[in-house]
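Chain by chain, the residues:
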Amino acid sequence: MARVLIVDDAAFMRMMIKDILEKNGYEVVGQAANGVQAVELYKQEKPDVVTMDITMPDMDGIEAVKNIKAFEPNAKIIMCSAMGQQTMVMDAIRAGAKDFIVKPFQADRVLEAIKKVIG
């Protein structure tokens, strides 16, 4: 199964996504609480897919996407956003994100996005 890196500044959100993924056979290879950690972990783990929060301290999700895409142009990144962040989601897609899921997470939507992005 696919190897996933989870990025969110909220530990509760990371735990929710991890739970959904592991119950469905995905391997969570790392968790990051900000964009700086996300870029470092991406380089170390080279996951198949990343779930990336938009609003985080130190480096936001859009900057992290740009950094990861600069390192690995074929990176598969799914943005996670709260309601009302449509402009940020569009910025993330332009930066190279492949899809997005809206918080609060629904398990079937998270799995659908990952399957779609992995192909």
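Below you will find a few notes about this structure. Remember, it's a predicted structure, so these values are computed and weren't measured experimentally.

### So, the packing of helix H2 (residues 35-45) against helix H3 (residues 61-71)
Alright, step 1. Direction vectors running N to C along H2 and H3 enclose 20°, while the axes themselves pass 9 Å from each other. Viewed along their axes, H2 and H3 adopt a mutual orientation that is roughly parallel. Between H2 and H3 lies a crossing of right-handed hand. Together, Gly-35, Ala-38, Val-39, Tyr-42 and Lys-43 of H2 and Ala-64, Asn-67, Ile-68 and Phe-71 of H3 make up the contact between the two elements.

### Points about H2
Alright, step 1. If you check which residues of H2 are buried, you get Gly-35, Ala-38, Val-39, Leu-41 and Tyr-42.
Alright, step 2. In the core, the buried residues of H2 are packed alongside strand S1 (3-7), strand S2 (27-32), strand S3 (49-53) and H3.
Alright, step 3. Where H2 begins, the side chain of Asn-34 points an oxygen toward the backbone nitrogen of Val-36, at a separation of 3.0 Å.
Alright, step 4. Phi turns positive one or two residues past the end of H2, at Lys-46, with a value near 45°.

### So, the side chain of Arg-14
Alright, step 1. With respect to the secondary-structure elements, Arg-14 resides in helix H1 (residues 11-23).
Alright, step 2. Not counting the four nearest positions on each side in its chain, Arg-14 is found in contact with Ile-6, Asp-8, Asp-9, Gln-31, Ala-32 and Ala-33.

### Some points on the pairing of S3
Alright, step 1. The buried fraction of S3 is high, at five of five residues.
Alright, step 2. What you see with S3 is no split at all: Val-49, Thr-51 and Asp-53 on one side and Val-50 and Met-52 on the other are buried throughout.
Alright, step 3. Sheet analysis places S1 next to S3, joined by four bridges and oriented parallel. Note that in S3 the partner of Leu-5 across the bridge is Val-50.
Alright, step 4. Read as a crossover between parallel neighbours, the route from S3 over H3 to strand S4 (residues 77-81) is right-handed.

Here is what the cut-offs are and how they apply
Residues numbered from 1 in each chain as written. Predicted model: local features only at pLDDT ≥ 70, side-chain atom pairs only at ≥ 80, totals over all residues. Heavy atoms only, no water. Axes fitted to C-alpha atoms, helices over the stretch in contact; angles between N-to-C directions. Helix = DSSP H or I, 4+ residues; strand = E, 2+ residues; numbered from the N terminus. Parallel < 35°, antiparallel > 145°, perpendicular 65-115°, else oblique. Left-handed = near helix turned anticlockwise from the far one by under 90°. Contact = heavy atoms within 4.5 Å. Buried < 20%, exposed > 50% of the residue type's maximum accessible area, 1.4 Å probe, protein only. Polar contact = N/O pair within 3.5 Å; in protein donor to acceptor, adjacent residues only side chain to side chain. Pairing = 2+ DSSP bridges. Right-handed = clockwise from strand over helix to strand, strands pointing away.

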